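# Understanding the architecture of this molecule
Chain by chain, the residues run as shown.
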Amino acid sequence: MSRDRDQVAFGVLGPVTAEHDGVPLALKGPRHRAVLARLIVARGRVVPVARLVADLWEEPPPTAVGTVRTFVGDLRRALEPDRPPRTPPRLLVTDGPGYALRTQTVDAWRFETAVETAAEDEPARAALSLRAALELWRGPAYAEFTDEAWCAGERARLAELRLRAVEQRAGALLAAGRPAEAVPDLDVHLIGHPWREEGWRLLALALYRTGRQGDALAVLRRARATLADQLGVDPGPALRRLEADVRAQDPGLDAERGTTAARVWSRAAEAYDRTVAAGARARLEATVGLLRTLAVTGSGGLAAAREHRLAAITAAEESGDPELTARVIGAYDVPAIWTRSDDPAGAARIVEAAERALARLPATPAQDSARCRLLATVALESRGSRAARAPRAAAEAERLARRLDDPALLAFALNGVFMQSCSRPGLAPRRDTIGTELVALAQRHGLIAYEVLGHLIRVQARAALADFPTADEHAAAADRLASRHELPLVRVFTTGYRAVRLAAEARPPVGSGAVEDAYREVDRLLDGPGMPGVRDGLLPLALLCLRLAGRPYGIREALGPIADWGPYLPWIRPALALAADDERAAREALRGLPEPPADLVQEALWCVAAAAALALDDRPTLHRCQEALRPATGQLAGAGTGLLTAGPIDTWLTAIENTLSRSAPL
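Residues numbered from 1 in each chain as written. Predicted model: local features only at pLDDT ≥ 70, side-chain atom pairs only at ≥ 80, totals over all residues. Heavy atoms only, no water.

For the rest of this paragraph, the subject is the overall build of the protein. The number of helices and strands found in the protein is 31 helices and six strands. Relative to its length of 666 residues, the protein is compact, with a C-alpha radius of gyration of 27 Å against a globular reference of 26 Å. Over its C-alpha atoms, taken along the principal directions, the protein stretches across nearly 75 × 70 × 60 Å. By the burial criterion, 50% of the 666 residues in the protein qualify as buried. Pairs at least 24 apart in sequence give 65% of the contacts found in the protein among residues at least 6 apart. For the protein, the distance from the average site of its 85 positive side-chain charges to the average site of its 85 negative ones is 2 Å. (Helix = DSSP H or I, 4+ residues; strand = E, 2+ residues; numbered from the N terminus. Rg over C-alpha atoms; globule rule 2.2 N^0.38 Å. Buried < 20%, exposed > 50% of the residue type's maximum accessible area, 1.4 Å probe, protein only. Contact = heavy atoms within 4.5 Å. Lys, Arg positive; Asp, Glu negative; His and termini not counted. Charge placed at Lys NZ, Arg CZ, Asp CG, Glu CD.)

Here you go:
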């Protein structure tokens, strides 16, 4: 019997290994393990043979390609020794120009999943699962390939995730009322990583909660001295605040405060369960209220809210009551800032359900509010889709909301209008107007979440218009509100904006380390909140745009190492072909280039396409790019995202016009 591919487990949290049912598989020499490790780093994506050759040898021998194929054959025999002759491999497959590893059983991936899941568990269970996850580590990730550039980024990412998991487990132990158990691991953690301010904070808090106030203050003094000696910086606000609170013996440091809140929640939930019948429709509407709160908490709450929201809508539709369905769909008025969906399939299902409810809802003035919410939902969930129905739904929702004179309803409708304000480049002024009205409306009526949304919209719009002083004011206002009202996801976008500002103001060499570090910090913040529509492909695209800013002709040099381009791959493909010296494939990719989605990233994608077209003197594509970008004259390409920029639109238009003005090559 052939071994099932999912029964082969791979280890990379230490030396690279493979085993079946606990029995190690022979992987021969170090280059065999290097091929396997390189494929694991790719996470199921195809690694071209040419890339494997370049990664395995500094100066490849003439037989390198054949040797790689031999290595792959050896690995296939080791991983699937019982595979019948001439039967296609199921684990290490050939795909196009290279190879891919089709598996989910990698210890690093199990570790990541466990850490993500623990963020949503109650504290005691989270502490237990995090301990099990940390026990998967047998040494540094990809331990035998520490000098290889192809795994440097993955090794650094996993190392950072491990450090955060140690701190996350300590936080869970504190929340579970077991501070003494957190102290030993935190002591060891800080010996190896003395610059981790969160580690110092947790250790001091754990000591304080075990009645060791003096030791807690000594730890905080040691943290201050360490940071000053090693980094030349003072402790951050969290450590300074904790030191002041410990000295003042602030009651808020007592774990009892947290357990009291937990006890109130638990008792209220028990009372609700006893009082409200299990099949009551009120439970669905109450559930949506919880999901609205969950969606803005970070730490996986947004992903969980998406999942349970669909279940609630399905349950409401099964009731056969269109008014209940309309209330369940429309009650999820969570402000949204990103114009690409995190879950396109789920969003399409919500739009379909909203349209069904609209069709069945009685056409009476009493239902205008519900109708408005459904229309706003259609506009929001159709973000980036270029569906003809979506802008009409947004306009109708706005008209109804203004007529009904309901501030909360108008804020929801304006969010839908914002989502449909990306039909073409150059619409930053329109979005700025929407943000201005949202801020004023929300401030008058105490709509905190929508006030934050309005500030973030203005951050994006003013960044696109290169008005950084105004954008700074709104970023600071959003941060203040987020801190006061516990809205952690806001920090992703304000940190992203500050990276954009650094990029826009960078002087040669463009792509300085400080700017790249700022973008990587944004990527780190996006690791966990459940926003794949924002995160997927963002970091490589941001770095590519950074390297292209001011250098429209530099696409070959701007591409960097192999990256996961996520949804942006169709617009990067021509550049990838150029980097591989395949001009024919690059021209074909440009000829088939689709129009970018109607979202905030489209200007940047047009610029990337223009860079490839400039390198190839592809005039039809240059005319397309010119027509698309011209309405954004005077703005910063892509800065309307608040997360990346490819530099001034005018620079791109000038490069395109200069090329088009020259005689076409014979």
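Next up on the list: helix 23 (residues 513–525). Compared with the 18 Å implied by 1.5 Å per residue over 13 residues, the 18 Å span of helix 23 between its first and last C-alpha is a close match. Residues of helix 23 that are buried: Val 515, Glu 516, Ala 518, Tyr 519, Val 522, Asp 523 and Leu 525. On the buried face of helix 23, the contacting elements are helix 22 (490–505), helix 24 (532–535) and helix 25 (538–548). (Expected span 1.5 Å × (residues − 1).)

A cluster of nonpolar side chains, namely Trp 195, Leu 231 and Val 233, defines an oily patch on the protein surface of about 280 Å² accessible area. By the element assignment, Val 233 lies in the loop between helix 9 (213–231) and helix 10 (237–247). (Patch = residues over 30% accessible without salt bridge, like charges linked within 9 Å, V, L, I, M, F, W, Y side chains within 5 Å. Areas by Shrake-Rupley, 256 points an atom, 1.4 Å probe, with all protein chains shown as cover. Salt bridge = Lys/Arg side-chain N within 4 Å of Asp/Glu carboxyl O.)

Now for the environment of Glu 144. Structurally, Glu 144 is set in the loop between helix 5 (123–134) and helix 6 (152–175). Relative accessible area serves as the criterion here: at 33%, Glu 144 is assigned to the partly exposed category. It is 10.0 Å that separates the C-alpha atoms of Glu 144 and Ala 37, two residues lying 107 residues apart in sequence. Once residues within four sequence positions are removed from consideration, Glu 144 is found in contact with Pro 15, Val 16 and Arg 33. A distance of 3.4 Å separates the side chain of Glu 144 from the backbone nitrogen of Val 16, its partner in a polar contact. Engagement of the side chain of Glu 144 in a polar contact is seen with the side chain of Arg 33, the distance being 3.0 Å. (Polar contact = N/O pair within 3.5 Å; in protein donor to acceptor, adjacent residues only side chain to side chain.)

Relative to strand 6 (residues 98–101), strand 5 (residues 92–95) is paired through four bridges, and the arrangement is antiparallel. Each bridged residue has a counterpart across the sheet, and for Asp 95 the counterpart in strand 6 is Gly 98. In this structure, the hairpin formed by strand 5 and strand 6 is closed by a connection of two residues, where Gly 96 is found at a positive phi of approximately 60°. (Pairing = 2+ DSSP bridges.)

Turning next to the pairing of strand 1 (residues 8–11). The pairing of strand 1 with strand 2 (residues 17–20) spans four bridges and is classified as antiparallel. Of the residues in strand 2, the one forming a bridge with Phe 10 is Ala 18. Count of turn residues in the strand 1/strand 2 antiparallel hairpin: five residues, of which Gly 14 carries a positive phi of about 135°.

Right, let's talk about the packing of helix 30 (residues 619–629) against helix 31 (residues 649–661) for a bit. With their axes 10 Å apart at the nearest point, helix 30 and helix 31 run at an angle of 145° to one another. Pair helix 30 / helix 31 crosses with left-handed handedness. Between helix 30, through Arg 619, Leu 622, His 623, Cys 625, Gln 626 and Leu 629, and helix 31, the contact on the second element is made entirely by Ile 649, Trp 652, Leu 653, Ile 656, Glu 657, Thr 659 and Leu 660. A per-class count over the contact of helix 30 with helix 31 returns eight nonpolar, three polar and two charged. (Axes fitted to C-alpha atoms, helices over the stretch in contact; angles between N-to-C directions. Left-handed = near helix turned anticlockwise from the far one by under 90°. Nonpolar A, V, L, I, M, F, W, Y, C, P; charged D, E, K, R; others polar.)

Take the packing of aromatic side chains next. The full count for this structure, using the stated rule, is three aromatic pairs. With a centroid separation of 5.6 Å and an interplanar angle of 85°, the aromatic rings of Phe 111 and Trp 137 are classed as edge-to-face. Note that Phe 111 is positioned in helix 4 (residues 107–118) and Trp 137 in the loop between helix 5 and helix 6, a separation of 26 residues in sequence. For the residue pair Phe 111 and Trp 137, the accessibility class agrees, reading buried in each case. (Phe/Tyr/Trp six-rings, centres within 6.5 Å; stacked < 30°, edge-to-face > 60°.)

Taken in spatial order, the three strands line up as 1-2-3 in an open sheet, and their pairing is antiparallel. Sheet topology places strand 1 and strand 3 (23–24) at the edges, where each strand pairs with a single neighbour.

The terminal C-alpha atoms of helix 16 (residues 368–381) lie 20 Å apart, and with 14 residues this matches the ideal 20 Å at 1.5 Å per residue to within 8%. Of all 14 residues in helix 16, 13 are buried; the element is thus mostly enclosed.

Now for unusual backbone geometry. Its identity as a non-glycine residue notwithstanding, Tyr 142 has a phi of 50°, on the positive side. As for its placement among the helices and strands, Tyr 142 is situated in the loop between helix 5 and helix 6. Given the relative accessible area of 1%, Tyr 142 is considered buried. Even without a glycine there, the phi angle at Ala 466 is positive, about 60°. Among the structural elements, Ala 466 can be located in the loop between helix 20 (448–464) and helix 21 (468–485). Since its relative accessible area comes to 38%, Ala 466 is described here as partly exposed.

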